[in-house]
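Report on the structure
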Amino acid sequence: MATVLKEAFFRDPGISEAEWKVRIDLAAFYRLSAIYGWDDFIYTHISARVPGPDHHFLINPFGLMFDEITASSLVKVDLDGNIIGESAYGINYAGYVIHSAIHGAREDALFIAHFHTADGMAVSAHAEGLLPLNQRSLALIPRLSYHDYEGVALNLDERERLVADLGDTSIMLLRNHGTLALGASVGEAFSGIYHLEAACSAQVRTLSIGRDNVLIAPEAAQEEVRRQIGRERAPSEGEKSHYDLVWEAALRKAARQLPGFDA
């Protein structure tokens with residue numbers, strides 16, 4: 001893949017092994033988002049908390065496409081928006097507002113993805129939100145929250161309301177805006193945004209044939225899915241979690257289709 005950037009990016013020798021692993025995972029997340037068509041030119045963002053006590057997080061350099069991002073090109077910032085170290089690029093301020101709010105409030109928000117896909121925006125603007133139309137949406141609705149649109153996310157005081165609306169959920173529809181998912185691991189965040197985007201696309205396709213005669217899942221079935229999700233077993237010691245398996249498969253896909261993210 002030929003790209004023209006402001007400068008070549010190289011790994012800073014001061015970056016720890018733990019941070020470098022997070023950088024590779026985050027860069028791969030960006031590449032996968034490009035593969036799945038979740039990117040929005042140079043806009044929207046995915047972030048990851050940097051291991052350690054400083055509450056720094058990594059986000060995309062504002063000006064690179066998702067399929068250009070590498071581990072070394074990611075920008076490190078603190079919760080006040082200050083760039084840590086050197087970067088040829090700045091960051092998207094709206095991305096800073098949204099991601100700093102959640103990283104600062106949720107210890108389990110190690111990775112956060114926020115997108116403006118066509119189907120995600122469509123469902124975010126639907127008065128009924130995500131409907132219980134299929135198995136995927138039924139699994140998401142119990143952990144889905146909503147945040148009303150307040151304009152472009154440039155006002156710092158919106159962070160408090162965003163966090164309050166998010167509560168303890170892990171996926172969100174930002175009304176008239178887009179989708180968001182977070183996770184305590186990269187696999188959990190990737191899985192969350194993957195299923196949310198897929199559920200939104202399924203809803204758009206379903207309602208395209210008209211609202212009449214569209215089947216809403218029976219309430220008893222909805223309740224059964226909630227119970228089934230609540231009974232999910234935590235992995236035993238030494239056993240890989242579902243999210244581990246998801247991410248390992250996703251990494252293989254990124255390496256096949258858009259390699260070079262680990263540079």
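Residues numbered from 1 in each chain as written. Predicted model: local features only at pLDDT ≥ 70, side-chain atom pairs only at ≥ 80, totals over all residues. Heavy atoms only, no water.

**Quick look at the packing of aromatic side chains**
How two aromatic rings sit relative to each other is set out by the distance from centre to centre and by the angle between their planes. Selection criterion: Note on aromatic pairs: the rings of Phe, Tyr and Trp (six-membered ring only in Trp) are paired at centre separations within 6.5 Å, and the planes decide the class, stacked below 30 degrees, edge-to-face beyond 60, tilted for the rest. Labels follow the DSSP assignment, with helices taken as runs of H or I lasting at least four residues and strands as runs of E lasting at least two, numbered in each case from the N terminus. The classification of residues rests on relative accessible area computed with a 1.4 Å probe and restricted to protein chains. Under 20% of the type maximum is buried, over 50% is exposed, and intermediate values are partly exposed.
Scanning all chains against the criterion turns up 15 aromatic pairs. Geometrically, the ring pair formed by Tyr 36 and Trp 38 is stacked, given 5.0 Å between the ring centres and 15° between the ring planes. When the ring of Tyr 36 is compared with that of Tyr 194, the centres are 5.6 Å apart and the planes differ by 80°; the resulting orientation is edge-to-face. Of the two residues, Tyr 36 sits in the loop between α1 (17-35) and β1 (45-49) while Tyr 194 sits in helix α6 (residues 186-207), which places them 158 residues apart along the sequence. Accessibility expressed as a relative area gives 34% for Tyr 36, which makes it partly exposed. Through a chain of ring-to-ring contacts, the aromatic side chains of Phe 29, Tyr 30, Tyr 36, Trp 38, Phe 66, Phe 115, Phe 190, Tyr 194 and Trp 247 assemble into a single cluster.

**Quick notes on the nonpolar core**
Let me state the cut-off plainly: What is meant by a nonpolar core is a set of buried Ala, Val, Leu, Ile, Met, Phe, Trp, Tyr and Cys residues, joined one to another through side-chain atoms within 4.5 Å. The contact rule is simple, with two residues in contact once any of their heavy atoms fall within 4.5 Å.
Ranked by internal contacts, the top residues of the largest apolar core, which has 60 residues, are Phe 29 and Ile 102. The element contributing the most residues to this core is α1, with 8 residues. When sequence neighbours within four positions are dropped, the list of residues in contact with Phe 29 reads Ile 46, Phe 111, Ala 113, Val 186, Ala 189, Phe 190, Ile 193 and Trp 247.

**Observations regarding α6**
For clarity, the cut-off: For a helix, the expected span equals 1.5 Å multiplied by the number of residues minus one.
With 22 residues, α6 should reach 32 Å at 1.5 Å per residue; the first-to-last C-alpha distance of 32 Å fits that figure. Within α6 the residues assigned to the buried category are Val 186, Gly 187, Ala 189, Phe 190, Ser 191, Gly 192, Ile 193, Leu 196, Glu 197, Ala 199, Cys 200 and Gln 203.

**Side note on the pairing of strand β5 (residues 111-115)**
When a strand is regular, its side chains alternate between the sheet's two faces. Quick note on the threshold: Strand pairing is defined by DSSP finding a minimum of two bridges between the two strands.
With 5 of 5 residues buried, β5 is to be regarded as a mostly interior element. Burial along β5 is two-sided: Phe 111, Ala 113 and Phe 115 and Ile 112 and His 114, pointing in opposite directions, are all buried. In this structure, β1 lies alongside β5, joined through 4 bridges in antiparallel fashion. Counted as the bridge partner of Ala 48 is Phe 111 from β5.

**Some remarks on helix α2 (residues 93-105)**
With 13 residues, α2 should reach 18 Å at 1.5 Å per residue; the first-to-last C-alpha distance of 18 Å fits that figure. Most of α2 is tucked away, with 10 of its 13 residues classed as buried. Buried residues of α2: Ala 94, Gly 95, Tyr 96, Val 97, Ile 98, His 99, Ser 100, Ala 101, Ile 102 and His 103, and no others.

**Here's the deal with the sheet that holds strand β3 (residues 75-77)**
As a general point, the strands of a sheet are linked pairwise by backbone hydrogen bonds and lie either parallel or antiparallel. Applicable threshold: Each axis is a line fitted through C-alpha atoms, taken for helices only over the stretch in contact, and angles between the N-to-C directions span 0 to 180 degrees.
Taken together, 8 strands build an open sheet; the order of strands is β4-β3-β2-β1-β5-β8-β7-β6 and the sheet is mixed. The strands lining the two open edges of the sheet, one partner per strand, are β4 (83-84) and β6 (144-147). Where β6 meets strand β7 (residues 171-174), 4 bridges bridge the pair, whose relative direction is parallel. Bridged to His 147 within β7 is Leu 174. On top of the sheet, α6 reaches β5, β6, β7 and β8 (178-183); it is set at about 155° to β8, its chief contact.

**A closer look at the environment of Arg 205**
Checked against the element boundaries, Arg 205 lands in helix α6. Owing to a relative accessible area of 66%, Arg 205 belongs among the exposed residues under this scheme. Remark: the alpha-carbon pair of Arg 205 and Gly 178, spanning 27 residues in sequence, is separated by 17 Å.

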